[in-house]
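The primary structure of each chain is shown beneath.
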Amino acid sequence: MTPVHFSFTLAFTLGFSGLAFHRKHLLSALLCLEAMMLSLYIAMALWSFQTESTVFSSAPMMLLAFSACEASAGLALLVATSRTHGTDHLMNLNLLQC
């Protein structure tokens, strides 16, 4: 495994472990998701550059578009949660209450 591939794998793994183990605030969970998506985007961009195929050249841009949509939906949920509950602590959220 090359050092470039190792660094992107490590970045994705660190983002995933941050999402799994440090679940106190919704904002930190969203930042971990964005780190994971950024590492996936860079890895896909390098992969499509290395294969030199025109078929896979649009895949990183589609992933970046979905990442932007995910970030906007996450920020909208963060604002709605902080307005209704007064905080972004994940322990205060109960999915069984509507």
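Procedures and definitions
Residues numbered from 1 in each chain as written. Predicted model: local features only at pLDDT ≥ 70, side-chain atom pairs only at ≥ 80, totals over all residues. Heavy atoms only, no water. Axes fitted to C-alpha atoms, helices over the stretch in contact; angles between N-to-C directions. Helix = DSSP H or I, 4+ residues; strand = E, 2+ residues; numbered from the N terminus. Parallel < 35°, antiparallel > 145°, perpendicular 65-115°, else oblique. Nonpolar A, V, L, I, M, F, W, Y, C, P; charged D, E, K, R; others polar. Left-handed = near helix turned anticlockwise from the far one by under 90°. Contact = heavy atoms within 4.5 Å. Buried < 20%, exposed > 50% of the residue type's maximum accessible area, 1.4 Å probe, protein only. UniProt positions renumbered as here; feature names shortened; annotations may be inferred.

### Comments concerning the packing of helix α2 (residues 26-51) against helix α3 (residues 59-85)
1) Next: In the contact formed by α2 and α3, the axes pass within 9 Å of each other and the chain directions differ by 175°. It follows that α2 is roughly antiparallel to α3 by the angle criterion.
2) Next: The residue makeup of the contact of α2 with α3, split by class, is 18 nonpolar, 4 polar and 2 charged.

### A few points about the packing of helix α1 (residues 3-21) against α2
1) Next: Contact pair α1 / α2: the axes reach a minimum separation of 8 Å and the direction vectors enclose 160°. Judged by the angle between their axes, α1 and α2 are roughly antiparallel. Every pair of crossing elements has a handedness; the one defined by α1 and α2 is left-handed. On α2, the residues that touch V4, H5, F8, A11, F12, G15, F16, G18 and L19 of α1 are A29, C32, L33, M36, S39, L40, I42, A43, L46 and Q50.
2) Next: Partitioned by chemical class, the residues of the contact of α1 with α2 number 14 nonpolar, 5 polar and no charged.

### Focus on the environment of L46
1) Next: Following the sequence through the fold, L46 ends up in helix α2.
2) Next: The class of L46 is partly exposed, set by a relative accessible area of 32%.
3) Next: Taking the C-alpha atoms as reference points, L46 and F21, 25 residues apart in sequence, are found 29 Å from one another.
4) Next: Beyond its immediate sequence surroundings of up to four residues, L46 is in contact with V4 and F8.

### Focus on the UniProt feature "transmembrane region" (unreviewed entry) in the chain
1) Next: Those residues carrying the UniProt feature "transmembrane region" (unreviewed entry) are residues 6-22, 29-49 and 61-81 in this numbering.
2) Next: This span, residues 6-22, is 94% helix and 0% strand, and a straight line between its end C-alpha atoms measures 23 Å.
3) Next: Strand forms 0% of residues 61-81 and helix 100%; the C-alpha atoms that close the span are 30 Å apart.

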